[in-house]
Amino acid sequence: LDQDLLYVGGGSVICLMGVLRAHRLDVVLREAWESGVVLCGLSAGSLCWFEEAMTGYHGASRPVQGMGLLPGSNAVHYDKEEHRRPAYHLAIGGGMPGGYAVDDGAALHFAGESLARVVSSRPTARAYRVEAVGGEVVEAPLPVDYLGAARDVALAA
């Protein structure tokens, strides 16, 4: 709890969740989050914070239960692994809570349980809100702040 930031890396979210739960680190991470420690990660380290997530690490994509710190669901590698988008749509259409899909190079920035913004290290990386509406799965692109974009800087004279 003395840390400013805790980073969780990628890999298999199934294995990650198993290890976190086996060692009760999920409880420690929840306590850290509730105390204001910044939690972050990529791939499995992004998926783990949500109620549910789509894993594709061990073959076919399928839902997996996360820690539930953030409401809804999450899907990563959305632009790089062609099976992820249709699998995520199918899962949401089948009852998985709606959530966020993220291309490689994009990141979701949450403040508490609310999405504050989407940032990107690649000019073409995107993120989407994906949810079931009236029996159909709807995917809406989210605004992205490209971190490499040129900025106008006014210099004080």
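The present account deals with the structure reproduced in this document. If you're wondering where the values come from, they're calculated on a predicted model, not measured in any experiment. (Residues numbered from 1 in each chain as written. Predicted model: local features only at pLDDT ≥ 70, side-chain atom pairs only at ≥ 80, totals over all residues. Heavy atoms only, no water.)

Looking at the overall build of the chain
For the record, the criterion: Secondary structure elements are taken from DSSP: a helix is a run of H or I of four residues or more, a strand is a run of E of two residues or more, and numbering for both begins at the N terminus. Using C-alpha atoms as the atom set, the radius of gyration is obtained and then compared with a globule rule of 2.2 Å times the number of residues to the power 0.38. Only protein chains enter the accessibility calculation, which uses a 1.4 Å probe. A residue is then buried if its area is under 20% of the maximum for its type, exposed if over 50%, and partly exposed in between. Contacts are assigned to residue pairs that have any heavy atoms within 4.5 Å of one another. Throughout, the Shrake-Rupley method with a 1.4 Å probe supplies accessible areas, and for residues the shown protein chains are the sole cover considered. Neither His nor the chain ends contribute to the count of charged residues, in which Lys and Arg are positive and Asp and Glu negative. In this description, the location of a charge corresponds to atom NZ of lysine, CZ of arginine, CG of aspartate or CD of glutamate.
If you tally the helices and strands in the chain, you get four helices and 11 strands. The C-alpha atoms of the chain give 16 Å as radius of gyration, which agrees with the globular expectation for 157 residues (15 Å, within 12%). By its C-alpha atoms, the chain is 60 × 40 × 30 Å across when sized along the principal axes. Taken over 157 residues, the chain has a buried fraction of 37%. Long-range pairs, those at least 24 residues apart, make up 58% of the contacts in the chain between residues at least 6 apart in sequence. By element, 53% of the accessible surface of the chain is carried by carbon and sulfur atoms, the whole surface being about 8900 Å². Taking the average location of the 12 positive side-chain charges in the chain and that of its 18 negative ones, the two points are 3 Å from each other.

Concerning the sheet that holds strand S11 (residues 145-146)
In plain terms, the rule: When DSSP finds two or more bridges between two strands, those strands count as paired.
Spatially, S7-S8-S11 is the arrangement adopted by the three strands of the open sheet, whose pairing is mixed. Strands at the two margins of the open sheet, each flanked by one partner only, are strand S7 (106-111) and S11. Pairing between S7 and strand S8 (residues 114-120): six bridges, direction antiparallel. Looking at the pairing, Phe110 lines up with Leu115 of S8.

Thoughts on the sheet that holds strand S4 (residues 62-65)
For the record, the criterion: In this description, a line fitted to the C-alpha atoms serves as the axis of each element, helices being fitted only across the stretch in contact, and the angle between N-to-C directions of two axes falls anywhere from 0 to 180 degrees.
Strand order in the open sheet formed by six strands is S4-S3-S5-S6-S9-S10, and the pairing between neighbours is mixed. Bordering the open sheet on either side are S4 and strand S10 (136-141), each of which pairs with just one other strand. Averaged over neighbouring strand pairs, the angle between their axes works out to 25° when direction is ignored. Contacting strand S3 (50-55) and S4, helix H1 (residues 13-22) runs over the sheet at an angle of about 15° to S4. Contacting S3, S4, strand S5 (70-75), strand S6 (99-102), strand S9 (127-133) and S10, helix H4 (residues 84-93) crosses the sheet at an angle of about 35° to S9.

Comments concerning the pattern of salt bridges
We count it as follows: Criterion for a salt bridge: a side-chain nitrogen of Lys or Arg within 4 Å of a carboxyl oxygen of Asp or Glu.
Inspection of every chain in the model, using the stated rule, returns six salt bridges. Note that Arg84 is salt-bridged to Glu81, the shortest N-O span being 2.7 Å. Judged by its relative accessible area of 7%, Arg84 is buried. A residue is classified by how much of its surface remains accessible, and Glu81, at 26% relative accessible area, is partly exposed. Linking Asp145 and Arg117 is a salt bridge whose minimum nitrogen-to-oxygen distance equals 3.4 Å.

Things to note about the environment of Ala22
Along the chain, the position of Ala22 falls in helix H1. You can call Ala22 exposed: its relative accessible area is 59%. Taking the C-alpha atoms as reference, Ala22 lies 28 Å from Ala107; in sequence the two are 85 residues apart.

Side note on the nonpolar core
What counts is decided by this rule: For our purposes a nonpolar core is just a set of buried Ala, Val, Leu, Ile, Met, Phe, Trp, Tyr and Cys residues, chained together by side-chain atoms within 4.5 Å.
Counting residues in hydrophobic clusters, the biggest one holds 29 residues, and the most contacted among them are Cys48, Trp49, Phe50, Met67 and Leu108. Mapped by element, the contributors of at least two residues to this core are H1, helix H2 (25-34), helix H3 (44-47), S3, S6 and S7. Element by element, the count of residues in this core is highest for H1, at four residues. Those residues in contact with Trp49 that sit more than four places away from it in its chain are Val8, Leu29, Leu39, Cys40, Gly41, Met67, Gly68, Leu69 and Leu70.

Topic: unusual backbone geometry
Here the phi dihedral of Arg24 falls at roughly 60°; this positive angle occurs in a residue that is not glycine. As for its placement among the helices and strands, Arg24 is situated in the loop between H1 and H2. Phi is positive for His77, close to 55°, though the residue is something other than glycine. Summarising the element assignment, His77 is placed in the loop between S5 and H4.

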